[in-house]
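Tertiary structure, described
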Amino acid sequence: MARSTSKDAQALFQSLRSAYAATPTNLKIIDLYVVFAVLTAAIQIVYMAIVGSFPFNSFLSGVLSCIGTAVLAVCLRIQVNKDNKEFKDLPPERAFADFVLCNLVLHLVIMNFLG
Amino acid sequence: MATRNLGGFLVLVLAFTICEAASVFQPISDSHLSAALELFAPVSGSFGSLEETYEALRTFEILGIDKKPDGSSTTCHSVEETVGSSSSTPKDLLYALRVNRILKCKVNEENFKGIVSMLKAAVNDASSLLDFYYSVGSLVLIKEQSSDADLLLDDADGIFHSIKALSQSDGRWRYSSNNPESSTYAAGLALEALAGVVSLASSEIDQSAIGTLKSDILKLFDSIEKYDDGAFYFDEKVVGARQHHGPLSTTSSVVRGLTAFASVTSGNLNLPGDKILGLAKFFLGIGIPGDAKDFFNQIDSLACLENNRISVPLILSLPATVLSLTKKDQLKVKVNTVLGSDAPPLTVKLVRASVSGSKDVSIENLDLKFDKESASHFLDVLPKTVDVGKYLFVFEVVFHDSEHEKVYATGGRTQVPIFVTGVIKIDNTEIAILDSDLGSIETQKKLAFTSFIQSFIGQETQKKLDLAGHNVVSLSANHLQKLRLSFQLTTPLGQVFKPHQAFLKLRHETKVEHIFVVGNSGKFEIVLDFLGLVEKLYYLSGSYDIQLTVGDSVMENSFLKAIGLIDLDLPEAPEKAARPPLQPIDPYSKYGPKAEISHIFRAPEKLPPKELSLTFLGLTVVPFIGFLVGLLRLGVNLKNFPSSTIPATFAFLFHLGIAAVLLLYVLFWVKLDLFTTLKALGLLGTFLLFVGHRILSHLASASAKLKSA
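The structure displayed is predicted, hence computed values, not measured ones. (Residues numbered from 1 in each chain as written. Chains lettered and ligands numbered in written order. Predicted model: local features only at pLDDT ≥ 70, side-chain atom pairs only at ≥ 80, totals over all residues. Heavy atoms only, no water.)

Quick notes on the overall build of chain B
Note the threshold: The helix and strand labels rest on DSSP assignments: H or I over at least four residues marks a helix, E over at least two residues marks a strand, and numbering proceeds from the N terminus. Each residue's exposure class comes from its accessible area (1.4 Å probe, protein chains only) as a fraction of the maximum for that residue type: buried when under 20%, exposed when over 50%, partly exposed otherwise. Whether two residues are in contact is decided by their heavy atoms: any pair within 4.5 Å suffices. With residues, only the protein chains shown are counted as cover, and all accessible areas are computed by Shrake-Rupley using a 1.4 Å probe.
Along chain B, the regular secondary structure elements total 19 helices and 24 strands. Out of the 709 residues belonging to chain B, those deemed buried represent 44%. Within chain B, residue pairs in contact and separated by at least 24 positions form 70% of the contacts whose partners lie at least 6 positions apart. Surface exposure of chain B reaches about 37500 Å², of which carbon and sulfur atoms provide 56%.

Here you go:
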């Protein structure tokens, strides 16, 4: 039973990897960026768990900066992805401009909150 | 402890006697000399103005201090300058001449002649009292100092009358004819000026005018004021006048004028001697003034009184008003003039001595013997009838030569309060615990206590003081018993003595104190019924210190002594019983340092170890490295970067703009405020929008071309 599960899981991963390999490179870059942002947030959360939340605003701004930019990256990915028909008319350059603008606004707020 | 308490009582007794002695006037003594040297200390060889110099020199002259100022040459120089100058006012001249009278500077005779004519003109033109006073005073002084100047006033009668015209009906004077305020101080000045006019007159002054002036003086003396101790003084009636003078300067002005006038006129002024004596008492009663002006006024007036023609006051004084029976002190009386010189031959009679407040006379009509060496009158031994107590001695001065009675004023009988102190005998001292209902004596300690107090006070057993601890009684009682303490006090003459203070103090271990007054009914006795006292004692059982205080100002062996301990066994306190009062905090502690105020700051948050934080800083970089590595593995390249110049520039500027905005954010975090940041951001944003639009539209069109192709 257990073996079959691990085999199933392996098979699942295999199919996932093969399917993902077909993903365009620019989407992969965005994925990588999202993973990087989430990991950075995770490290900060771990740090807070160990040390305590003393400069709480700093912690929040750090984590929210990462999460926010990750969310924005996901949005970018949705808009850039050619399989999403509803954004077909939207050029990826426009989506990227949105991404940059939103990031700048987000980080202005983050910097203000950082103290 | 015991000696300290005794010392405290002695201090009390002394303080008491000093207060009392204040009404016994002492003539000028050595303490005045040192005070004078201190008050009139020249500053860098000079006393200041000529007026201050005169006051200092005159005081020194009277007190016999042979201390001419070191800078007498500079003083003389300013005297010569004032006398030689034609612009000097009569006031300056007066003080310069007064200083010159003492210092005897070599003033050119020619100078005198010059100022004499000026002063004479001033006298004739004078309208105000001060003008008369200064000019006439100066002329009198020149008369003393110069031999050949022509000083006599031709119109002495007229000047006399114009000064007299300023007088008021009550004997006081106005400063000028257009000033309605009359002043006692001015009366003194006027008398002095009139005395000067009389002495300068070329012909005899009209006797009737002098007669009116004498009656004016008598009227002036009607306004004299009196203190309870027999001192007389003058005071200005108008307060807030142009130049107000206090009682001292007013009185001294009158005394100066009066004595000056008395010395130039013949005949009697008919002033009562006791008023002159009262004036002397007023000046002596001040003690030693702390002000140079007051000091001068006091000494100068006393010097005027010392040799006046009316009557010379004699002061009867006692070196000590506390006489100890144990030390067999002699009663000593001195009779001196105000400045302390010897009186003419006389006998001091002790008319009467009685305990103050009672009519019983202890001594009557005793003549005191005279001791030439100490120039004092004394009584060898106090009569046997004198016991301890506060006495009122009445003295009378009898002159050997009856002529002297007219010259001197002794003020009749002088009353002097005198303390006679002695050792009080303490007898029959008992302390006992009684059973309440039966009255039977439970414990009685007799001998120990008596001998203990005797050892404490007796002179011959002073050495036993160290052993006092052995005599401490130790008692115990419960609330059904009584404590009885009794003793007898007898004076050296065997009479019952009632001290001012007789207290018994119980002090609990917790320092709660209770004070009981020892009753007196022939014998001092106090009975403490503990049953009635339990509430007052706050139901505090345990050991109490017993302290007995007996004190009086005439009791040489006043004492405050711990007798011993009593162990009280009192019932438990009921619910509602009053709590013993909190013991007051040491009263001296309020002068001590205050409790330190500790400021509470927000405790700094606990910060993690630095290493841990740095490690996590490193860890946050790891995903970024992972990101870069991932990018490399994905084979990311910049091939899409525009190759032609203009789009490449725009692309470069776009990235530069983003970098600039991020740098601005960092600056915002580090030091900038929101407003500056937003302004800069607005500019950067516009720029970024422009270049971003250009590059992205270029890219979009490029990709569109690619697609369509």
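Next comes the rest of the write-up.
A short note on the overall build of chain A
A count of helical and extended segments in chain A gives four helices and zero strands. Counted from the first residue to the last, chain A has its helices and strands arranged as α-α-α-α. With 115 residues in all, chain A has 33% of them scored as buried. Here the contacts in chain A between residues at least 6 apart in sequence split such that 67% fall between residues at least 24 apart. Total accessible area on chain A is roughly 7200 Å²; 69% of this is exposed by carbon and sulfur atoms.

As for the packing of aromatic side chains
Our working definition: The pairing test for Phe, Tyr and Trp rings, Trp by its six-membered ring, is centres within 6.5 Å, and the orientation test on the planes gives stacked under 30 degrees, edge-to-face over 60, and tilted for anything in between.
If you walk through the whole model with that rule in mind, you get 23 aromatic pairs over all chains. A centroid spacing of 4.6 Å and a plane angle of 25 degrees characterise the contact between Tyr 227 of chain B and Tyr 233 of chain B, whose relative ring orientation is stacked. Feature note: the residues Tyr 33, Phe 36, Phe 96 and Phe 99 of chain A together with Phe 624 and Phe 627 of chain B constitute an aromatic cluster, connected by ring pairs.

Some remarks on the side chain of Asn 100 of chain B
All names here are of chain B. Relative to the elements of secondary structure, Asn 100 occurs in helix H5 (residues 90-103). For Asn 100, a relative accessible area of 4% translates into the label buried. Sequence-distant contacts of Asn 100, that is, excluding residues within four places in its chain, are made with Val 79, Cys 105, Val 107, Phe 112 and Gln 145.

Quick word on a nonpolar patch on the surface
All names here are of chain B. Worth spelling out the cut-off: In this analysis, a patch consists of residues with relative accessible area above 30% that form no salt bridge, clustered at 9 Å for like charges and at 5 Å for the nonpolar side chains Val, Leu, Ile, Met, Phe, Trp and Tyr. Salt bridges, as used here, are contacts in which a Lys or Arg side-chain nitrogen is within 4 Å of a carboxyl oxygen on Asp or Glu.
A grouping of Val 621, Phe 624, Ile 625, Leu 628 and Val 629 is seen on the molecular surface, where their side chains present a nonpolar patch of about 400 Å² in accessible area. The topology assignment puts Val 621 in helix H17 (residues 610-634). Note on Val 621: relative accessible area 40%, which makes it partly exposed.

With respect to the pattern of salt bridges
All names here are of chain B. Per the counting criterion, the structure on display carries 15 salt bridges over all chains. One salt bridge in this structure joins Arg 58 and Asp 300, with 2.9 Å as the shortest N-O distance. Linking Arg 58 in helix H3 (residues 50-63) with Asp 300 in helix H13 (residues 292-306), this pair joins segments that are 242 residues apart in sequence. For the salt bridge of Glu 396 with Arg 413, the shortest nitrogen-to-oxygen distance reads 3.8 Å. You can see Glu 396 sitting in strand S12 (residues 389-399) and its partner Arg 413 sitting in strand S14 (residues 413-421), a full 17 residues away along the chain. Glu 396 sits in the partly exposed class, given a relative accessible area of 24%. Each member of the salt-bridge network shares a partner with another, and the members are Arg 58, Glu 61, Arg 256 and Asp 300.

Thoughts on the packing of helix H8 (residues 156-164) of chain B against helix H9 (residues 184-200) of chain B
Residues and elements named next belong to chain B. Here is the rule: Fitted lines through C-alpha atoms serve as axes, helices being fitted only where they are in contact, and the angles separating the N-to-C directions of these axes extend from 0 to 180 degrees. Relative orientations are named as follows: roughly parallel for angles under 35 degrees, roughly antiparallel for angles over 145 degrees, roughly perpendicular for angles from 65 to 115 degrees, and oblique for any other angle. Note on residue categories: nonpolar means Ala, Val, Leu, Ile, Met, Phe, Trp, Tyr, Cys or Pro, charged means Asp, Glu, Lys or Arg, and polar means any other residue, Gly included.
Across the interface, H8 lies against H9 with an axial gap of 10 Å and an inter-helix angle of 170 degrees. Classified by the interaxial angle, the pair formed by H8 and H9 is roughly antiparallel. Facing H8, whose interface residues are Ala 156, Ile 159, Phe 160 and Ile 163, H9 presents Ala 190, Ala 193, Leu 194, Val 197 and Val 198. A class-by-class count of the residues in the contact of H8 with H9 yields nine nonpolar, no polar and no charged.

As for a positive patch on the surface
Rule in force here: We treat Lys and Arg as the positive residues and Asp and Glu as the negative residues; His and chain ends play no part in the count. To locate a charge, take NZ of a lysine, CZ of an arginine, CG of an aspartate or CD of a glutamate.
On the surface, Lys 82, Lys 85 and Lys 88 of chain A together with Lys 707 of chain B cluster together into a positively charged patch. Tracing the chain through its elements places Lys 85 of chain A in the loop between helix H3 (56-80) and helix H4 (92-114). In this structure Lys 85 of chain A comes out as exposed when scored by relative accessible area, which is 58%.

A word on the sheet that holds strand S24 (residues 559-569) of chain B
Residues and elements named next belong to chain B. Selection criterion: Strands are treated as partners if at least two bridges between them are detected by DSSP.
Spatially, S17-S24-S23-S19-S20 is the arrangement adopted by the five strands of the open sheet, whose pairing is mixed. In this open sheet, the two strands that pair with only one neighbour each are strand S17 (473-478) and strand S20 (513-517). The mean angle between the axes of side-by-side strands here comes to 25 degrees, regardless of whether they run parallel or antiparallel. Summarising the sheet, strand S23 (residues 542-551) and S24 pair through nine bridges and their orientation is antiparallel. Looking across to S24, one finds that Tyr 544 is bridged to Ile 566.

Description of the environment of Val 361 of chain B
Residues and elements named next belong to chain B. With respect to the helices and strands, the residue Val 361 is situated in strand S9 (residues 361-367). A C-alpha to C-alpha distance of 9.8 Å links Val 361 and Leu 392, two positions 31 residues apart in sequence. Residue contacts for Val 361: discarding those within four places in its chain leaves Arg 352, Ala 353 and Ser 354.

Observations regarding the UniProt feature "transmembrane region" (unreviewed entry) in chain A
Residues and elements named next belong to chain A. Going by this rule: UniProt positions are given in the numbering used here, feature names are shortened, and annotations may be inferred rather than shown by experiment.
According to UniProt, the "transmembrane region" (unreviewed entry) feature falls on residues 32-50, 56-76 and 96-114. Regarding residues 32-50, the helix share stands at 100% and the strand share at 0%, and the terminal C-alpha atoms are separated by 27 Å. Between the C-alpha atoms that bound residues 56-76 there is a distance of 29 Å. The span itself is 100% helix and 0% strand.

Observations concerning H9 of chain B
All names here are of chain B. The test is simple: A helix is expected to reach a length of 1.5 Å times the quantity of its residues less one. Whenever a nitrogen or oxygen atom comes within 3.5 Å of another N or O atom, the pair is scored as a polar contact, on the condition that within protein one atom can donate a hydrogen and the other can accept it, and that pairs from neighbouring residues in sequence are kept only if both atoms are in side chains.
A rise of 1.5 Å per residue sets the reference length of H9, with its 17 residues, at 24 Å; its end C-alpha atoms lie 24 Å apart and thus fit the reference within 8%. With 16 of its 17 residues buried, H9 lies for the most part within the structure. The N-capping residue of H9, defined by a side-chain oxygen 3.0 Å from the backbone nitrogen of Tyr 185, is Ser 183.

Comments concerning the sheet that holds strand S7 (residues 331-337) of chain B
Strands pair in a sheet through their backbones, by hydrogen bonds, and they do so in one of two ways: parallel or antiparallel. Residues and elements named next belong to chain B. Taken in spatial order, the five strands line up as S10-S11-S7-S5-S13 in an open sheet, and their pairing is mixed. Edge strands, defined here as strands with exactly one partner in the open sheet, are strand S10 (369-371) and strand S13 (408-409). Sheet topology places S7 next to strand S11 (residues 376-379); three bridges connect them, and they run antiparallel. Within S11, the residue paired with Leu 331 across the bridge is Leu 379. Here helix H12 (residues 273-285) sits on the sheet and contacts strand S5 (312-317) and S13; the angle it forms with S5, its principal contact strand, is near 60 degrees.

Re unusual backbone geometry
Apart from glycine, the bulk of residues carry a negative phi angle, and the bulk of peptide bonds sit in the trans form. All names here are of chain B. The phi dihedral of Tyr 538 is positive, around 60 degrees, even though this residue is not glycine. By the element assignment, Tyr 538 lies in the loop between helix H16 (530-533) and S23. Residue classification places Tyr 538 among the partly exposed positions, given a relative accessible area of 22%. Phi at Tyr 539 is positive, roughly 60 degrees, even though this residue is not glycine. Of note, Tyr 539 is situated in the loop between H16 and S23.

Topic: the UniProt feature "transmembrane region" (unreviewed entry) in chain B
Residue and element names in this part refer to chain B. Within this structure's numbering, the places UniProt gives as "transmembrane region" (unreviewed entry) are residues 612-636, 648-668 and 674-696. For residues 612-636, the helix share is 92%, the strand share is 0%, and the end-to-end C-alpha distance is 35 Å. The span residues 648-668 shows a helical share of 100% and a strand share of 0%, and its end C-alpha atoms are spaced 30 Å apart.

A word on helix H11 (residues 247-264) of chain B
Between its first and last C-alpha atoms H11 of chain B spans 26 Å; for 18 residues at 1.5 Å apiece the expected length is 26 Å, and the two agree. With 14 of 18 residues buried, H11 of chain B lies mostly within the body of the structure.

Let's talk about the pairing of S24 of chain B
Pairing geometry for S17 of chain B and S24 of chain B, over six bridges, is parallel. Bridge pairing links Ser 476 of chain B to Asp 567 of chain B in S24 of chain B.

Thoughts on the side chain of Gln 44 of chain A
Mapped onto the elements of the fold, Gln 44 of chain A is located in helix H2 (residues 25-51). Residues contacting Gln 44 of chain A, with those up to four places away along its chain left out, are Phe 59, Gly 62, Val 63 and Cys 66 of chain A together with Thr 620 of chain B.

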